Amino acid sequence: MMKELEEIRRIRRIIGAGIWEKSGSGLLLFRPGALPVTPSRMQIAYLIPVFAALMATGTALGTEAAACVFESADTPVPVQPIDQLVAANLTPLGIQPVLCSDAVFVRRVHLDVIGTLPTAKEARDFIQDPDRANKRRILIDRLLARDEFADFWAMRWGDVLRIKAEFPVNLWPNAAQAYHRWVRAAIASNKPYDRFARELLTSSGSNFRIGPVNFYRAIQNRKPDGIAAAVALTFLGTRTDTWPAERLNGMAAFFSQIGYKPTNEWKEEHVFWDPLGTSTTANNTAPGRAAIAPPPPAPAPNTTPSTTPATTPNIPPITPAAAPDRPRCAIFPDGSKIELPPDRDPRDVFAAWLITPDNPWFARNISNRLWAWLLGRGIIHEPDDIRPDNPPSNPALLTYLERELVTNRYDLQHLYRIILNSRTYQHSPVLRVPTPAAVANFASYPLRRMDAEVLIDALNKITGATDLYTSAIPEPFTYIPADQPAIALPDGSITSPFLALFGRSARATGMVSERDNKPIPAQWLYLLNSSHIQRKMEQSANLKTIMDPSRKAPAIIEDLYLAIMSRFPTPEEVATIGAYGQVQPAKPAAAANPAKPASVVKRREDWLDVAWALLNSSEFLYLH
Amino acid sequence: MKSRIHPTPATPPGLNLNAGHAMNRREALRLGLLGTSGLCLSNMALAAADGPPAVPGAATPPIHARAKSVIQIFLWGGMSHIDTWDPKPDAGSDYMGEFRKAIPTNVDGIQLGELFPNLAKQADKYSLIRSMTHRNNGHETAAYLMQTGHAPGERLAYPSVGAVFSHFKSPGYKGLIPPYVVLTQPQGRFSEEGFLGPKMKPFATGGDPNAARFEVEGVVSRGIPDARQLARRELLVKMDTMGAAMAASPQLAASEEAKKLAYELILGQGRDVFDLTKEQPELRDRYGRHTFGQDCLAARRLVEAGVPYIVINYPGGWDTHSNHFNTMRRQCPQLDQGLAMLLQDLQDHGLLETTIVWCCGEFGRGPKVDWQPPWNGGRNHYGNVFSVLVAGGGFKGGHLVGASDKRAEEVQDRPVYPVDLLGSIYALSGIDTKARLPHPMGTEAFVLPAAVEGAKSGGLLTEIMS
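The shown structure was predicted, so the numbers you read here are calculated from the model rather than taken from an experiment. (Residues numbered from 1 in each chain as written. Chains lettered and ligands numbered in written order. Predicted model: local features only at pLDDT ≥ 70, side-chain atom pairs only at ≥ 80, totals over all residues. Heavy atoms only, no water.)

**Focus: the overall build of chain B**
Turning to step 1, where the next piece is worked out: Looking only at helices and strands, chain B features 13 helices and 15 strands.
Turning to step 2, where the next piece is worked out: The burial tally for chain B puts 58% of its 466 residues in the buried class.
Turning to step 3, where the next piece is worked out: Within chain B, residue pairs in contact and separated by at least 24 positions form 73% of the contacts whose partners lie at least 6 positions apart.
Turning to step 4, where the next piece is worked out: Summed over its atoms, the accessible surface of chain B is roughly 17,900 Å², and 52% of this surface lies on carbon and sulfur atoms. (Helix = DSSP H or I, 4+ residues; strand = E, 2+ residues; numbered from the N terminus. Buried < 20%, exposed > 50% of the residue type's maximum accessible area, 1.4 Å probe, protein only. Contact = heavy atoms within 4.5 Å. Areas by Shrake-Rupley, 256 points an atom, 1.4 Å probe, with all protein chains shown as cover.)

Below is the structure:
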């Protein structure tokens, strides 16, 4: 039996999944339209009896037979540096990785790169594209240029940069939109990552007009040490909780001269370099405001100082002495000290240090983050917990990625390209050696449930439905068009019950763990049995077209699989679905002929059940 | 029944957050507070009154935690207090509006507004707090205050009382139904789970318990009979190609486990809890054949199933800026019928002793009627003083706590702040209000704010705890 399965696996890898139909004469016929290459007659002749036997006996789909759907026959040859470095760790573990099938790849790369399910046509065209040497590379390039690429990665960065109008930070809707717009534009134009970071750290101006100034406003603890902690988490991938106080305070000094002042526009605020502490000086005024900072408690009359000039009775003269608590020295996270120059914004000094090519922390963090986003796990794991006692699973690999990023002038798309084109990214999802070492060294592509936004977008794309997104903050900036995809929502305060239930990030801290994709029963109640999902399916014009009663069953099944699973069905799946539905009692005339089995009739609700089962399958719900 | 009214509370010393205001027993006696109403003071409060002066952080008085479940009837929008549970017949029509009468109850000295004849027969089962206050008149901020005890505008978004119950009670809870259930619609004024995350979100049933079939969202679905439910579940198993290929995957195992629990609700015993047709029709009639009445019946069934925290968000709400008196005429009788029957039925089932019922809005409504357009005889938001009904689970019945002034405009006696009400509910349920809540950034966060954080307190409701 093992040998037989091995043979099935070998041949099916060659021909891929195709459609098998029973002909009028009862013979199985192979419909080769779904094939990347036309199988030889000999291969078909060989397979027919094998599948016929499987289908006749109703043999359950074995693990190996099922794996054929997900794996490719090609043996990965590690030619690229990434793959050689990964192989250097896997070979000693005795692991020979397997590549994923084209069907798995087209779905995976769409979901990972643009957060959007491929259409049935996109999946079919890719699977049937005969250019096997280049088609994966070409698809990657095409996806990196799509509009959804910017939407989806602005969503990911929105989690890190905490783009949310209210709770726990009052960023305000207009500012959240400006922040998101800037981030999305930076991604769309492939702004070099060093400039991206620098602008976030050093911009000044209105929160409504200069998007990146909101980096400092979207922090819960806006004191210098709180800002330093947020900067370290965002750009160094490190948590400051365990830092010695001296180190954190030294870094905090760079952020001790940031001022915030209101304007006479409601909720507008300027972020600026405020070396003299004017924005914290009591009784200083701003347009439309009585005072920027609240006045100090009135001193007892007999202690009132009389040094204030008569012309400006309420405003003391502004001198550097007005901010005597401002530190003069600062310490970089690497331990080197600097005296803050009086004529330069300390944020600028810090940013210059941060983005120097020699600074290993900066490139390491983003390389590791990007790897983790695409492969589900960082080379340093968790990706925002970089520290000396949490070493990378493959240091040479991480160093390689860092060098690639720096030598290519912080071009993030270059990094996307080399990772996505690697054999490593294209590994099979089947984990054959379930050891921690295999997982940490990327022996297979890890299963991950689709992010909340990606999942609801996929459900809506398949059914043609839409969801209502609302914000509890009643401002015009939160108007959402009906067909808005969830991945393009600019502001974490704009939400829906679905997004909350499926663990969208609360965007309170910027930590990776804020997004929670772990399964809970309430999510299953929703997917399996809610009126929301049921209604989407029952009212779906897309599904109605596919399930048109005038169409043949195999064609309906094929279209459902391409639309939902992004692949062709296997013969076993066709057989399983074929048997589902109402068993038609044999007609009296036919009953005389015992050889003729009762036929199965499918009503619309049976087809809906098939679509329901596909939407509730782990293969649909999980990135694989 | 003898009146057991507390014009002034015994300050509960161990929990007095305004250190220095605690009276010892001698002072209390000198002021005559213990004279006629001395018998009303709980032994515990008396014992504690002789103890050392209260300081924040001092030992909690030994409150006997007996509540296993809580039913919160949230009169969102804010129910008028002067028309209902704090009538002031002497205040004149500018205040009393169309409801001039107060009616007696089965407890001497407690009167209710004229629209509550059923609750009037049950006054021995509940106590009324007539001095609830937080002085906040915004729906969102007041709802946040009343459901978290924390001041709105703090940097952290605290979880609601239900989510806190969910957090502390989940580990020992083995029921099929989620530990924090909302009948039927979530209120959505703020994110109830706060920083505890989506796992602590309430399970909102959706559907209408007064309909022929209570279609609980995700549990009881429209038009899918069990046979089809079973058939497609089987189909789902058969079509699981990826599950067959990756049988060893821990991710898929976790997902299957969650799915199994969901199916126990869909096809197992869990859904029976929501099946109100299992009750006698006569009993359903007595609850009232309206959504709120049947909400109350569903809540009792959830209590029987062991669910720790149940919220009934009053269908339609009470935000009666205009058309106030007509709305009250329509809604109060339903509230009266459902709530009175719930208390009676909980007692008949022996559940009242272990079930806290509390009922109030996020605030009351202005006691002075606004006759001007556009309100034309409406009442607006009012957080200075309003009323709360508490019963069961260790709360004594037949008492009044505090009082409003003669026009129900300000607290006259014994202010009760959100931390006092919530603190008492937590205490009777065995939840330590000083316990730390897990925060994703490791920030220190506690169930209730402490006095040092400036939270106002009038002390726990020990005078009505048994």
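And the narrative resumes.
**What about the packing of helix 8 (residues 147–161) of chain A against helix 15 (residues 360–375) of chain A?**
All names here are of chain A.
Turning to step 1, where the next piece is worked out: Helix 15 packs onto helix 8 with a crossing angle of 120° between their chain directions and a minimal axis gap of 13 Å. Here helix 8 is positioned oblique relative to helix 15, judged by the angle of their axes. Crossing of helix 8 over helix 15 shows right-handed handedness. Judged by residue contacts, Trp153, Arg156, Trp157 and Val160 of helix 8 engage Ile366, Arg369, Leu370, Trp373 and Leu374 from helix 15.
Turning to step 2, where the next piece is worked out: For the contact of helix 8 with helix 15, the per-class residue count stands at seven nonpolar, no polar and two charged. (Axes fitted to C-alpha atoms, helices over the stretch in contact; angles between N-to-C directions. Parallel < 35°, antiparallel > 145°, perpendicular 65-115°, else oblique. Left-handed = near helix turned anticlockwise from the far one by under 90°. Nonpolar A, V, L, I, M, F, W, Y, C, P; charged D, E, K, R; others polar.)

**Digging into the interface of chain A and chain B**
Turning to step 1, where the next piece is worked out: With 48 residues of chain A in contact, the opposing surface of chain B contributes 44 residues.
Turning to step 2, where the next piece is worked out: Regarding the contact of chain A and chain B, the summed buried area is about 4,400 Å², with carbon and sulfur atoms giving 68% of it.
Turning to step 3, where the next piece is worked out: For the chain A face of the interface with chain B, the top three residues by lost area are Leu447, Leu525 and Asn529 of chain A, together amounting to 16%.
Turning to step 4, where the next piece is worked out: Linking chain A with chain B are three salt bridges, by the criterion used here.
Turning to step 5, where the next piece is worked out: Close ionic contact of aspartate 609 of chain A with arginine 228 of chain B constitutes a salt bridge, the shortest N to O distance being 2.9 Å.
Turning to step 6, where the next piece is worked out: Between chain A and chain B we count 12 residue pairs in polar contact (both at pLDDT 80 or more) in total.
Turning to step 7, where the next piece is worked out: Elements with a contribution of two residues or more to the side of chain A that touches chain B: helix 3 (63–70), helix 21 (521–529), helix 22 (531–538), helix 25 (571–578), helix 27 (604–615) and helix 28 (618–621) of chain A.
Turning to step 8, where the next piece is worked out: Top contributing element to the side of chain A that touches chain B by residue count: helix 27 of chain A, with seven residues.
Turning to step 9, where the next piece is worked out: Split by residue class, the side of chain A that touches chain B holds 27 nonpolar, 15 polar and six charged. (Buried area = accessible area lost by both parts, 1.4 Å probe. Salt bridge = Lys/Arg side-chain N within 4 Å of Asp/Glu carboxyl O. Polar contact = N/O pair within 3.5 Å; in protein donor to acceptor, adjacent residues only side chain to side chain.)

**Some words on the nonpolar core**
Turning to step 1, where the next piece is worked out: The biggest cluster of nonpolar side chains holds 237 residues, and the ones touching the most others in it are Leu560 and Phe620 of chain A together with Trp85 and Leu335 of chain B.
Turning to step 2, where the next piece is worked out: Looking at this core, the element that brings in the most residues is helix 12 (residues 324–348) of chain B, giving 10 residues.
Turning to step 3, where the next piece is worked out: Once residues within four sequence positions are removed from consideration, leucine 335 of chain B is found in contact with Leu75, Met79, Trp85, Phe116, Phe292, Tyr314, Trp318, Ala340 and Cys359 of chain B.
Turning to step 4, where the next piece is worked out: Formed by 51 residues, the second largest nonpolar core is a distinct cluster that contains Phe165, Phe395, Ala455 and Met465 of chain B. (Core = buried A, V, L, I, M, F, W, Y, C linked by side-chain atoms within 4.5 Å.)

**Topic: helix 25 of chain A**
Turning to step 1, where the next piece is worked out: For helix 25 of chain A, the buried fraction is high: six of the eight residues fall into the buried class.
Turning to step 2, where the next piece is worked out: Along helix 25 of chain A, the residues classified as buried are Pro571, Glu572, Glu573, Val574, Thr576 and Ile577 of chain A.

**Let's talk about unusual backbone geometry**
Turning to step 1, where the next piece is worked out: Between leucine 183 of chain B and the following residue, threonine 184 of chain B, the backbone shows a cis peptide bond with an omega angle of -15°.
Turning to step 2, where the next piece is worked out: Residue proline 374 of chain B follows proline 373 of chain B across a cis peptide bond; omega there is 0°.
Turning to step 3, where the next piece is worked out: When you line up the elements, proline 374 of chain B lands in the loop between strand 10 (364–365) and strand 11 (381–382).
Turning to step 4, where the next piece is worked out: Unusually for a residue other than glycine, tryptophan 172 of chain A sits at a positive phi of about 80°.
Turning to step 5, where the next piece is worked out: Residue position: tryptophan 172 of chain A is located in the loop between helix 8 and helix 9 (173–188).
Turning to step 6, where the next piece is worked out: The backbone phi angle of phenylalanine 442 of chain A is positive, close to 65°, even though this residue is not glycine.
Turning to step 7, where the next piece is worked out: Secondary-structure assignment places phenylalanine 442 of chain A in the loop between helix 18 (436–440) and strand 8 (448–449).

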